[in-house]
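Single-letter residue listing:
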Amino acid sequence: MGRSPAGGNRMAVELPLIVSLNCIENPSLEREALAGAAAVEHVGLPDLSGGRIESASAVLIHSLALLPRSAQRRLRPYQLVLCLGSQDRAVDSALAAELGLRLVHVDANRAEEIADTVMALFLGLVRRTHLLSRHSSSLSVSGWLGSIQPLCRGMRRCRGLVLGIVGRSASARCLATRSLAFKMSVLFFDLHHEVKGKSVIAFPPAARRMDTLNDLLAASDLVSLHCSLSDDTIHMLNAECLQNIKPGAFIVNTSSSQLIDDCALKQLLLDGTIAGCALDGAEGPQWMEAWASNANPSKSPYSGLVSHNVHTVGVLFME
């Protein structure tokens, strides 16, 4: 007896499965782009035992190193693991080799998302929205208005601020475009000279190139890092370099944590040289939490720390 047409149709439309593992909760764009070629599903950490990860042909993740061990063990050598947002590629690649996994970094295609995140972090720092949100949730409506004024002190207007971008990448260009729309001035420092034969990402014409990193730091109210980790960039913002930073500046780093000397950065926060920072991970994962818990509350110069479960983004606000 032959197979029924319905059964034949089911076989005909069976597609490879791509699983977004704890990263893209709503993969509607991916489904649309891969319609007819693959099925795309999101699997959260509570759903690891459902068997969908093991049956996938490809798995999308933010970072292999940041996945719980229980999730790492679900991945299989026959799968293609696509890493969308690794802080340190070398760490993820070494772990993939240890686990026998095929891992590919595809960070370049996330330029818009990275720029959105950086812009949101800067707006939170400049407008102190984190403090306002936390304060409002702890008070009744009647007491909120009377107590909000002290928290608003130190807010800055975006218009007229100077953004300094370190590195030349697609995400850096996207950030420059967004910042210009907010009426900011944009400076950038290109670490590498133009390589003949290679295409160079062009910044908007209104962005101005700076000759040295020190000049950029001295002129910028906001500093954002968009560099890959290499022998030339490791601890590029060290204690000596950070002496040139403009007092009251904010720093955002969504690239490798090893671009910044974390001890030098902590000292700038403690002595009030910079107004705050937002870090997409830190060289020692617990350094901010340990510092916060050991600090003397009566002398602490910062007003709070918040961790977001994306890449453990730590945001420090100064009074």
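Please refer to the structure higher up on the page.
Report follows, based on the coordinates. (Residues numbered from 1 in each chain as written. Predicted model: local features only at pLDDT ≥ 70, side-chain atom pairs only at ≥ 80, totals over all residues. Heavy atoms only, no water.)

**Thoughts on the overall build of the protein chain**
Working step 1: A tally of regular secondary structure across the protein chain gives 12 helices and 13 strands.
Working step 2: When burial is assessed residue by residue, the protein chain has 45% of its 319 residues classed as buried.
Working step 3: By sequence separation, contacts in the protein chain at least 24 residues apart represent 61% of the contacts at least 6 residues apart.
Working step 4: Carbon and sulfur atoms form 54% of the exposed surface of the protein chain, whose accessible area is close to 16800 Å². (Helix = DSSP H or I, 4+ residues; strand = E, 2+ residues; numbered from the N terminus. Buried < 20%, exposed > 50% of the residue type's maximum accessible area, 1.4 Å probe, protein only. Contact = heavy atoms within 4.5 Å. Areas by Shrake-Rupley, 256 points an atom, 1.4 Å probe, with all protein chains shown as cover.)

**A closer look at the nonpolar core**
Working step 1: Counting residues in hydrophobic clusters, the biggest one holds 27 residues, and the most contacted among them are Val-166, Leu-213, Leu-237, Ile-251 and Ile-260.
Working step 2: When residues of this core are traced back to their parent elements, those giving at least two are strand 6 (162-166), strand 7 (185-189), helix 9 (213-219), strand 9 (222-225), helix 10 (239-242), helix 11 (262-270) and strand 11 (276-280).
Working step 3: Per element, the largest residue contribution to this core is four residues, and it comes from helix 11.
Working step 4: If sequence neighbours within four positions are ignored, Leu-213 has contacts with Val-166, Phe-189, Met-236, Leu-237 and Cys-241.
Working step 5: In this structure, Ala-115, Val-126, Met-184 and Ala-275 belong to the second largest nonpolar core, which totals 26 residues. (Core = buried A, V, L, I, M, F, W, Y, C linked by side-chain atoms within 4.5 Å.)

**Concerning the sheet that holds strand 2 (residues 39-43)**
Working step 1: Taken in spatial order, the five strands make up an open sheet running 2-1-3-4-5, and their pairing is parallel. With partners counted over all chains shown, the strands left at the sheet margins are strand 2 and strand 5 (102-105), one partner each. Strand-to-strand, the axes of this sheet are offset by a mean angle of 25°, without reference to chain direction.
Working step 2: Bridging between strand 4 (residues 80-83) and strand 5 involves four bridges; their strand directions are parallel. Bridged to Leu-82 within strand 5 is Val-104.
Working step 3: Here helix 4 (residues 89-99) sits on the sheet in contact with strand 4 and strand 5, set at roughly 165° to strand 5. (Pairing = 2+ DSSP bridges. Axes fitted to C-alpha atoms, helices over the stretch in contact; angles between N-to-C directions.)

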